[in-house]
Amino acid sequence: MRSWMDWFWERAVAVLKKRLNKRRPRQSLRPKQNPSPTQNPKKQKKRTLNNMPYPHLSSPGRIGGVTLKNRIAMTAASASLSEPDGSMTEAMLAYYEARAKGGVGLIITEMVCVDEQRGVLFPRELNAARDENIPDFRALADRLHPYGTKVFAQLFHPGANADPKLNPLPLVSASAGQGKKRGQAEEASRETIHTIVEYFGQAAHRVQQAGFDGIEIHAAHGYLIHEFLSPNCNH
């Protein structure tokens with residue numbers, strides 16, 4: 001004997017099928033666009049940088065004294081393709097060269113370490129804290145410049161968010177506190193602050209020697225410079 005629930009679902013399914021069978025195909029509300037009589041829809045012009053609807057995108061731009069061939073920039077993004085000591089690999093060189101080959105006017109590298117004692121965030125990050133890595137940065141500049149692409153190095157210091165397992169010295173920040181990787185940072189002394197400033201200058205000089213066109217200072221994402229700028233970290 002069937003229950004009332006069985007009868008209900010049987011009737012509901014039957015009504016639903018009946019309505020679906022009667023439903024007409026939906027017509028698009030978007031009006032049809034007739035092609036121009038002078039334009040062949042089968043032969044549409046391929047979009048390039050020169051015919052895109054952004055008149056200044058492909059025109060030269062300037063950042064300080066650096067002239068860019070266009071106004072397209074690849075912003076910094078970690079690829080983690082370097083060697084454990086922060087030197088370049090062929091995979092990293094090819095990664096950036098592919099972007100230059102695509103026509104970008106400026107490439108800003110991933111974060112570059114300036115302090116090996118307390119400024120390492122993760123393994124396999126680019127390292128400009130030692131002179132022996134200058135040839136590797138020069139190899140990158142030499143791979144990008146033939147395409148007319150300029151290259152900047154993004155210099156950074158993670159501060160309290162450095163990995164305590166990768167740094168031999170205690171971590172530092174604007175004020176004492178714990179970082180994202182559970183490292184306990186101490187308040188940076190004036191001497192330590194001046195030392196880190198020197199590290200930034202030395203790293204900038206190394207990439208300049210390597211033929212880089214400029215640098216970008218990372219001052220966001222809760223890293224050292226941001227920690228000094230933010231009242232949440234700087235007490």
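Bear in mind the structure is a predicted one, so any value in this text is a computation, not a measurement.

Calculation rules
Residues numbered from 1 in each chain as written. Predicted model: local features only at pLDDT ≥ 70, side-chain atom pairs only at ≥ 80, totals over all residues. Heavy atoms only, no water. Buried < 20%, exposed > 50% of the residue type's maximum accessible area, 1.4 Å probe, protein only. Helix = DSSP H or I, 4+ residues; strand = E, 2+ residues; numbered from the N terminus. Pairing = 2+ DSSP bridges. Polar contact = N/O pair within 3.5 Å; in protein donor to acceptor, adjacent residues only side chain to side chain. Contact = heavy atoms within 4.5 Å. Patch = residues over 30% accessible without salt bridge, like charges linked within 9 Å, V, L, I, M, F, W, Y side chains within 5 Å. Areas by Shrake-Rupley, 256 points an atom, 1.4 Å probe, with all protein chains shown as cover. Salt bridge = Lys/Arg side-chain N within 4 Å of Asp/Glu carboxyl O. Core = buried A, V, L, I, M, F, W, Y, C linked by side-chain atoms within 4.5 Å.

**As for the pairing of strand S4 (residues 106-113)**
One face of the sheet, then the other: side chains in a regular strand alternate in exactly this way. Of all 8 residues in S4, 8 are buried, a share of seventy percent or more. Relative to S4, strand S3 (residues 73-74) runs parallel, the two being bridged by 2 bridges. Residue Met74 lies in a different strand from S4, and its bridge partner there is Ile107. Judged from the 6 bridges that link them, S4 and strand S6 (residues 150-156) form a sheet pairing that is parallel. Looking at S6, one finds that Leu106 is bridged to Lys150. Here S4 pairs with strand S5 (residues 126-127) via 2 bridges, running parallel. Opposite Cys113, over in S5, you have Asn127 as the bridge partner.

**Focus: the side chain of Asn133**
Turning to its location among the elements, Asn133 is positioned in the loop between S5 and helix H3 (134-144). At 2.9 Å, the side chain of Asn133 and the backbone oxygen of Asn127 are in polar contact. Dropping the residues within four chain positions of it, Asn133 is found in contact with Asp85, Gly86, Ser87 and Asn127.

**Digging into unusual backbone geometry**
Its identity is not glycine, yet Arg182 carries a phi of approximately 65 degrees, on the positive side. Along the polypeptide, Arg182 turns up in the loop between strand S8 (177-178) and strand S9 (184-187). Judged by relative accessible area, Arg182 falls into the exposed class, the value being 69%. A positive phi angle is found at His221, which is not glycine, with a value near 60 degrees.

**A short note on a nonpolar patch on the surface**
A cluster of nonpolar side chains, contributed by Ile193, Val197 and Phe228, occupies part of the molecular surface with about 230 Å² of accessible area. As for its placement among the helices and strands, Ile193 is situated in helix H4 (residues 190-209). Judged by its relative accessible area of 32%, Ile193 is partly exposed.

**Topic: the nonpolar core**
By size, the foremost hydrophobic cluster in this structure holds 30 residues, and its most contacted members are Phe137, Leu155 and Phe212. Put simply, the parts of the chain that give this core at least two residues each are helix H2 (90-101), S4, H3, S6 and H4. Beyond its immediate stretch of four places on either side in the chain, Phe137 contacts Met88, Val112, Leu126, Asn127, Ala128, Val207, Ala210 and Phe212.

**So, the sheet that holds S9**
The mixed open sheet is built from 3 strands, whose spatial order is S7-S9-S8. The strands lining the two open edges of the sheet, one partner per strand, are strand S7 (172-173) and S8. In terms of strand pairing, S8 meets S9 through 2 bridges, oriented antiparallel. Bridge pairing in S9 links Gln178 to Gln184.

**So, the pattern of salt bridges**
Per the stated rule, a full pass over the model turns up 4 salt bridges. Across the pair Arg206 and Asp131 runs a salt bridge whose closest N-O atoms are separated by 2.7 Å. One end of the pair, Arg206, is in helix H4; the other, Asp131, is in the loop between S5 and H3, and 75 residues separate them in sequence. Judged by relative accessible area, which is 48%, Asp131 ranks as partly exposed. Put simply, Glu90, Glu97 and Arg143 are held in one network by salt bridges that share partners.

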